[in-house]
Amino acid sequence: MTDETRIDELIADLRQASLAERRAATAELGASGGAAVEPLIAAMLDGDNDLRWYAARALVQIGEPAIAPLLAAMRAREDRDFRRYAMAALTGIGEAAVEPLIGIIESADPALQPFAAVAICKIGQPAVEPLLRLMRNPDPKTQERAALLLWRMGEPGAGPLTEALEASRSGNKSESHK
């Protein structure tokens, strides 16, 4: 665990140190765990895109403890560049971020949905089952969003999407013959 003073020093290194020092600071911040999440997000909110990139990489290394604070910051701040880098961090975190991202798609959050859609498509295979689950949602718009994301995902989503649509069609035909 890294103390607050050391975290502040490492974030200062992300802002202005040499490339090697920035990489080392990123690794140490990533190893710091949850204690570094809020300071990294604060740096991303106030920093330039270089700083955001390094901070996002550290948040990826931290993983799951960074998900909820990143999403909360994205909701609170309408900074498109910050949101892009935050979503890149969520994409890098991968499977652990899928359910919170699916929640954004399901709620049709207009501010975050485009970012969540890109992240889900990039995460790929781990998002297929949750998207198939959304296709069974009673809301047609939610079903449509889920199908579109499976399609946009490409290879990992195309086969399951086709199977789900065929099963749906078969189910509807058998019900109409009853």
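Everything numeric in this text was worked out from a predicted model, so none of it was measured. (Residues numbered from 1 in each chain as written. Predicted model: local features only at pLDDT ≥ 70, side-chain atom pairs only at ≥ 80, totals over all residues. Heavy atoms only, no water.)

Draft legend 1. Representation of the overall build of the protein. From N to C terminus, the protein includes 11 helices and 0 strands. Along the chain direction, N to C, the helices and strands of the protein fall in the order α-α-α-α-α-α-α-α-α-α-α. In terms of principal-axis extent, the alpha carbons of the protein reach across some 70 × 25 × 25 Å. For the protein, buried positions account for 46% of its 178 residues. In the protein, the proportion of contacts linking residues at least 24 apart, taken out of those at least 6 apart, comes to 63%. Here the protein has roughly 9500 Å² of accessible surface; of this, 50% comes from carbon and sulfur atoms. Of the charged side chains in the protein, 20 are positive and 26 negative, and the gap between their average positions amounts to 7 Å. (Helix = DSSP H or I, 4+ residues; strand = E, 2+ residues; numbered from the N terminus. Buried < 20%, exposed > 50% of the residue type's maximum accessible area, 1.4 Å probe, protein only. Contact = heavy atoms within 4.5 Å. Areas by Shrake-Rupley, 256 points an atom, 1.4 Å probe, with all protein chains shown as cover. Lys, Arg positive; Asp, Glu negative; His and termini not counted. Charge placed at Lys NZ, Arg CZ, Asp CG, Glu CD.)

Draft legend 2. Highlighting helix 9 (residues 128-135). With 6 of 8 residues buried, helix 9 lies mostly within the body of the structure. Along helix 9, the residues classified as buried are Val128, Pro130, Leu131, Leu132, Leu134 and Met135.

Draft legend 3. Structural view of the side chain of Asn137. With respect to the helices, strands and loops of the structure, Asn137 is situated in the loop between helix 9 and helix 10 (140-153). According to the relative accessible area criterion, Asn137 is buried, its value standing at 14%. Residues within four places of Asn137 in sequence aside, it is in contact with Glu106, Thr142 and Gln143.

Draft legend 4. Layout of unusual backbone geometry. The residue Ala108 is not glycine, and still its phi comes out positive at about 55°. Structurally, the position occupied by Ala108 is in the loop between helix 7 (98-107) and helix 8 (113-123).

Draft legend 5. Molecular detail of the packing of helix 1 (residues 4-16) against helix 3 (residues 37-46). Between helix 1 and helix 3, whose axes approach to 10 Å, the crossing angle comes to 30°. On the basis of the axis angle, helix 1 is roughly parallel to helix 3. In the crossing of helix 1 with helix 3, the sense of the turn from one axis to the other is right-handed. Here helix 1 contributes Ile7, Ile11, Leu14 and Arg15 to the contact with helix 3, which in turn contributes Pro39, Leu40 and Ala43. Of the residues assigned to the contact of helix 1 with helix 3, the class counts are 6 nonpolar, no polar and 1 charged. (Axes fitted to C-alpha atoms, helices over the stretch in contact; angles between N-to-C directions. Parallel < 35°, antiparallel > 145°, perpendicular 65-115°, else oblique. Left-handed = near helix turned anticlockwise from the far one by under 90°. Nonpolar A, V, L, I, M, F, W, Y, C, P; charged D, E, K, R; others polar.)

Draft legend 6. Geometry of the packing of aromatic side chains. For the coordinates displayed, the defined rule picks out 1 aromatic pair. Judged by centre distance (4.9 Å) and plane angle (80°), the rings of Trp53 and Tyr54 are edge-to-face. Residue classification places Trp53 among the partly exposed positions, given a relative accessible area of 40%. (Phe/Tyr/Trp six-rings, centres within 6.5 Å; stacked < 30°, edge-to-face > 60°.)

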